[in-house]
Structure formats: structure tokens, C-alpha cells
Amino acid sequence: MRAFFRHFKFSAFGAAILCVVLGAAILIWPSLSQKFFCYAFGTVLILCGVLQVASYLVAENKNLLSRLMFAGGVIAAVAGVWILFTPNRVLTLTVIVMGVLLLYHGVMDVKYAFDVKAAEGKAGLPLLFGLLTCGVGVLLLVNPFGEHLDLLFLVCGIGFIFDGVTDMFTVS
């Protein structure tokens, strides 16, 4: 059991460091981060689509599954091209996904706080950190900033840094 908790602490600490790095990258290079998310996502979709279409074209047996893969490949490639040409729409979706991630992580932190309370009796700070992380996730999902993507990404970066730092504090 002790080995499990050591592995859990190592994994949680690694995830916390990744959150801090992601948040810092968003804060240091906000416009570059926005472009990177769009271009990386669009490129990956195009590559996946092209590979699916190519696998259909070289397949000897053109059954229903391979035709569905072909259709999925065409859709993925077209979606990738659309993303490359309309990055602002994708950025809004990216922030929604990040909000969901922070909300999920905050809920997991709250659960962890209740587990700590059951085991040790003290969970005030981890519970507060979890609730604040949930709040940032909800803020990103509600998006009170309208079309101000720079401000939305700033909140996103701060949220990830906050989540990572509080997780490092909570796990150690």
C-alpha cells in the first residue's frame, strides 16, 4: 500500500509541474500559445485524415469499416483545414476544454480533501484549493470575457499555474 501512495504522489507531483509549465507558457507567450494550439490541432487532424484516406486507398478489401474510415479521414482533414483558417473559433473551444480540465481537477482535489479529512481530520486548505480550482474552471466555461481571447487565455494560464502550485503544496 505504501508503494501505491508513493507512486500516486510522484504522478500527482508530475502532473502539478506540467500544469505550472503549461500555465507559464500561456502567460509568457499568449499569442504564440494560441497559435500553437490551433496550428497543432489542425495539423494533427489533417495528418490523421490523410493517413485514414491513404489506408483506404491501399486496402485490398474495401468493406464497410474501411469506407467509414475513409469518410472519417475526409471529415478529419476538412476539419483540420477549417481549424487552420478559423483559429478564433477553435481557441474558444480550446478554452472550454481547459475549463473542463480545471473543473475536473478541482473536483478531484475536493475529493482528495475529503479523503484526507477522513484519514487525518485536517483538510481545510486542500478543500479551499480544490474549490478555487473548480471556480476557475467554471469561470472559463461561463466565459464572461466575451470575445477577448487574450484575457480568457490569461485567466486560463493563471488557473493552470494556481492548480499546479496548490497541488504541489497539497501532495507534499
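Right above here is the structure, for reference.
**Q** Even after reading the chapter, I still don't get the overall build of the chain, so can you show me in this structure?
**A** Check the secondary structure of the chain and you find 6 helices and 0 strands. Starting at the N terminus and ending at the C terminus, the chain contains elements arranged as α-α-α-α-α-α. With respect to the principal axes defined by its C-alpha atoms, the chain has extents near 65 × 45 × 25 Å. Looking at the chain residue by residue over its 172 residues, the buried ones come to 31%. Considering only contacts in the chain between residues 6 or more positions apart, those separated by 24 or more positions represent 73%. For the chain, the exposed surface amounts to about 10,700 Å²; the carbon and sulfur share of it is 76%.

**Q** Can you help me understand the environment of methionine 168 in this one?
**A** With respect to the element layout, methionine 168 can be found in helix α6 (residues 149–171). Residues methionine 168 and alanine 113, 55 residues apart in the sequence, show an inter-C-alpha distance of 14 Å. Those residues in contact with methionine 168 that lie beyond four places of it in its chain are Phe13, Ala16, Ile17 and Val20.

**Q** How do you make sense of the side chain of serine 33 when you look at a structure like this?
**A** One can find serine 33 in helix α2 (residues 30–58). Classification of serine 33 by relative accessible area gives buried; the value is 9%. Looking at serine 33, its side chain comes within polar contact range of the main-chain oxygen of tryptophan 29, at 2.7 Å. Those residues within four positions of serine 33 in sequence are excluded, and the remaining contacts are Ala25, Ile26 and Phe153.

**Q** Honestly, the nonpolar core in this entry has me stumped. Any pointers?
**A** For soluble globular proteins, nonpolar side chains are generally found buried alongside one another. The biggest cluster of nonpolar side chains holds 17 residues, and the ones touching the most others in it are Leu140, Cys156 and Phe160. For this core, the elements supplying multiple residues, two or more each, are α1 (2–28), α4 (87–120), α5 (124–142) and α6. In terms of residue count, α6 provides more of this core than any other element does, 6 residues in total. Discounting residues that sit within four places of it in the chain, phenylalanine 160 has contacts with Cys19, Val20, Leu22, Gly23, Met98 and Leu102.

**Q** Where do I start with helix α3 (residues 64–85) in this structure?
**A** For an α-helix the count is 3.6 residues per turn, leaving residues at separations of three or four pointing the same way. Under the 1.5 Å per step criterion, the end-to-end length of α3 is 32 Å for 22 residues, consistent within 8% with the ideal 32 Å. Those residues of α3 that are buried are in contact with α2 and α4.

**Q** Is there a simple way to think about α2 in this case?
**A** Under the 1.5 Å per step criterion, the end-to-end length of α2 is 42 Å for 29 residues, consistent within 8% with the ideal 42 Å. Three or more residues of α2 are buried, namely Ser33, Gln34, Cys38, Gly42, Gly49, Val53 and Tyr56.

**Q** I tried to follow the environment of alanine 113 on my own but got confused; where do I start?
**A** For alanine 113, the position within the fold is in helix α4. Taking the C-alpha atoms as reference points, alanine 113 and leucine 125, 12 residues apart in sequence, are found 8.2 Å from one another.

**Q** Explanation requested: a nonpolar patch on the surface in the structure shown.
**A** Where nonpolar side chains cluster on the molecular surface, the patch consists of Leu27, Ile28, Trp29, Leu32, Leu151, Leu154 and Ile158 and spans about 650 Å² of accessible area. Counting only elements with at least two residues in the nonpolar patch, the list comes to α1 and α6. Looking at which element gives the most residues to the nonpolar patch, the answer is α6, with 3 residues. In this structure, isoleucine 28 sits in helix α1.

The rules behind the values
- Residues numbered from 1 in each chain as written.
- Predicted model: local features only at pLDDT ≥ 70, side-chain atom pairs only at ≥ 80, totals over all residues.
- Heavy atoms only, no water.
- Helix = DSSP H or I, 4+ residues; strand = E, 2+ residues; numbered from the N terminus.
- Buried < 20%, exposed > 50% of the residue type's maximum accessible area, 1.4 Å probe, protein only.
- Contact = heavy atoms within 4.5 Å.
- Areas by Shrake-Rupley, 256 points an atom, 1.4 Å probe, with all protein chains shown as cover.
- Polar contact = N/O pair within 3.5 Å; in protein donor to acceptor, adjacent residues only side chain to side chain.
- Core = buried A, V, L, I, M, F, W, Y, C linked by side-chain atoms within 4.5 Å.
- Expected span 1.5 Å × (residues − 1).
- Patch = residues over 30% accessible without salt bridge, like charges linked within 9 Å, V, L, I, M, F, W, Y side chains within 5 Å.
- Salt bridge = Lys/Arg side-chain N within 4 Å of Asp/Glu carboxyl O.

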